[in-house]
Amino acid sequence: MHKIVLFVIILMFAQPTLASLKKCVDDGGMFHYYTHIMPPECQNKTTVEMNKRGVVIRTHAAENKPDIVADSVQNEIDTQQQIEEKRRDAVLLNTYTSEEEINWALGRNVEPIELAIAGIEMRLEIARNQLQILQRQADEAEKTGNPTLTSIQQDMIPVKRDVTQLENELKRNHARIGSLKEKFAADRKRFQALKAQKL
C-alpha cells in the first residue's frame, strides 16, 4: 500500500516536468523541436504543440511583432501630423483675416530679397565686365608674347571666383523667392478651405 501511495506522489510531482513537445518550420523548411526554450529559428513562426503520442493539441499562430511595432509607430506619426496640422491651421486663421493680407505678407517677405537680387546683379555685371577686359588683355598678351600674360592670368583668378559666387548667390535668392511663393500659395489655398468650412 505504501508503495502505491509513494508511486502516486512521485507521479504527481513528475507530471509538471513532462512538458509537451513543440515544433516549428524555419524559413528554409527545416523542422525544429523543443520543449521549454524556443530556438531562435522559431521566433515569429507558427508553432505546433504535441502530446507525448505526437498528436497535435494546439497551434500557436505566429506573432508578427515587427508589423505591430511598425503600425504603432505609424499611428504615432499620423497623430503627430494631425496635431501639427491643427496647430498650423490655428496659426493661419489667427494671423490672417483675408486673402489680401496673405498676398501683402508675401510681398513684404519677397521685397528685401528682390532688393538683394538687384544689388547682386549690379555687382555681377561689374565683375563680368572686369573679367572680359582681363580676358581681352590676356588674349592680346598671348598673341604678342607679352610677359605680362602670367600677371593678367593671376588677376583673373579672384575675379572669376567673384563671378561664380555672385551667380550662385543670385540662384539662391531666386530659389528663396520661389519657395516663398509656393509657401504662401499653399497658405492661401488652405485659408480658403478653412474659411469655406466655417460657412
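Residues numbered from 1 in each chain as written. Predicted model: local features only at pLDDT ≥ 70, side-chain atom pairs only at ≥ 80, totals over all residues. Heavy atoms only, no water.

1. A few points about the packing of helix α3 (residues 99–144) against helix α4 (residues 149–198)
What counts here: The angle between two axes is taken between their N-to-C directions and runs from 0 to 180 degrees, where each axis is a line fitted to C-alpha atoms and a helix contributes only its stretch in contact. Strands here mean DSSP runs of E at least two residues long; helices mean DSSP runs of H or I at least four residues long; both are numbered from the N terminus. Orientation labels follow simple angle bins: below 35 degrees gives roughly parallel, above 145 gives roughly antiparallel, 65 to 115 gives roughly perpendicular, and whatever is left gives oblique. The hand of a helix crossing depends on one turn: near helix anticlockwise from the far one by less than a right angle means left-handed, and clockwise means right-handed. Under this grouping Gly is polar, as are all residues other than the nonpolar Ala, Val, Leu, Ile, Met, Phe, Trp, Tyr, Cys and Pro and the charged Asp, Glu, Lys and Arg.
The contact between α3 and α4 brings their axes to 8 Å, and the two run at 165°. When the axes of α3 and α4 are compared, the pair comes out roughly antiparallel. When the axes of α3 and α4 are compared, the crossing they make is left-handed. When the residues that make up the contact of α3 with α4 are grouped by side-chain class, the tally is 25 nonpolar, eight polar and 14 charged.

2. Let's talk about the nonpolar core
The cut-off we apply is this: Nine residue types can take part in a nonpolar core, namely buried Ala, Val, Leu, Ile, Met, Phe, Trp, Tyr and Cys, and a core is a set of them joined through side-chain atoms within 4.5 Å. Residue burial is assigned from relative accessible area. The probe radius is 1.4 Å, only protein chains are included, and a residue is buried under 20% of its type maximum, exposed over 50%, and partly exposed in between. The contact criterion used throughout is that any non-hydrogen atoms of two residues lie within 4.5 Å.
With 27 residues, the main nonpolar core has Y96, I152, M156, L180 and F184 as its most contacted residues. At the level of elements, α3 and α4 are the ones that each hand at least two residues to this core. The dominant element in this core, judged by the number of residues it contributes, is α3, at 13 residues. Those residues in contact with F184, other than ones at most four positions away along the chain, are Y96, I102, A105, L106 and N109.

3. A short note on the pattern of salt bridges
The condition that has to hold: Basic side-chain nitrogens of Lys or Arg form a salt bridge, by our definition, when they fall within 4 Å of a carboxyl oxygen of Asp or Glu.
Inspection of every chain in the model, using the stated rule, returns eight salt bridges. For E49, the salt bridge is made with R58, and the minimal N-O distance between the two is 3.0 Å. Under the relative-accessibility criterion, E49 is labelled buried at 8%. Overall, R58 belongs to the partly exposed group, its relative accessible area being 42%. With a shortest N-O distance of 2.6 Å, R87 and E84 are connected by a salt bridge.

4. So, the environment of L21
Along the chain, L21 falls in strand β1 (residues 21–25). Accessibility expressed as a relative area gives 33% for L21, which makes it partly exposed. For L21 and H36, which are 15 residues apart along the polypeptide, the C-alpha to C-alpha distance reads 8.4 Å. Excluding residues within four positions of it along the chain, L21 makes contact with Y33, Y34, T35, V48, E49 and M50.

5. Structural notes on the state of the cysteines
Put simply, the test is: The disulfide criterion used throughout: a pair of cysteine sulfur atoms within 2.5 Å.
As enumerated under the stated definition, the model contains one disulfide in all. The partner cysteine of C24 in its disulfide is C42, sulfur to sulfur 1.9 Å. Because the sign of the S-S torsion sets the handedness, a value of about -75° for the bond joining C24 and C42 places this disulfide among the left-handed ones. With C24 in strand β1 and C42 in the loop between β2 (31–34) and β3 (47–50), the pair connects residues that are 18 residues apart, well separated along the chain. What makes C42 buried here is its relative accessible area of 0%.

6. Regarding the pairing of β2
In summary, the side chains of a regular strand alternate between the two faces of the sheet. Inclusion rule: One requirement defines pairing of two strands: DSSP has to find at least two bridges between them.
Judged by which residues are buried, β2 turns out to be one-sided: H32 and Y34 face inward and are buried, whereas F31 and Y33, on the alternate face, are not. The hairpin turn running from β1 into β2, its antiparallel successor, is five residues long, and G29 in that turn takes a positive phi close to 85°.

7. A closer look at the confidence of the model for the chain
Atomic detail in the predicted coordinates should be set aside for any region of low pLDDT. For the record, the criterion: Each residue carries a pLDDT score, the predictor's confidence in it, ranging from 0 to 100.
Averaged over the chain, the pLDDT score is 85; the fraction of residues at 70 or greater is 85%. At the low end of the mean pLDDT range in the chain sits helix α1 (residues 2–14), at 49; at the high end sits α3, at 96. Confidence drops under pLDDT 50 across residues 5–11; counting only partners more than four residues distant or on other chains, this segment forms zero contacts. Long-range and interchain partners of residues 13–17, a stretch whose pLDDT sits below 50, account for zero contacts in this model, where long-range means more than four residues apart.

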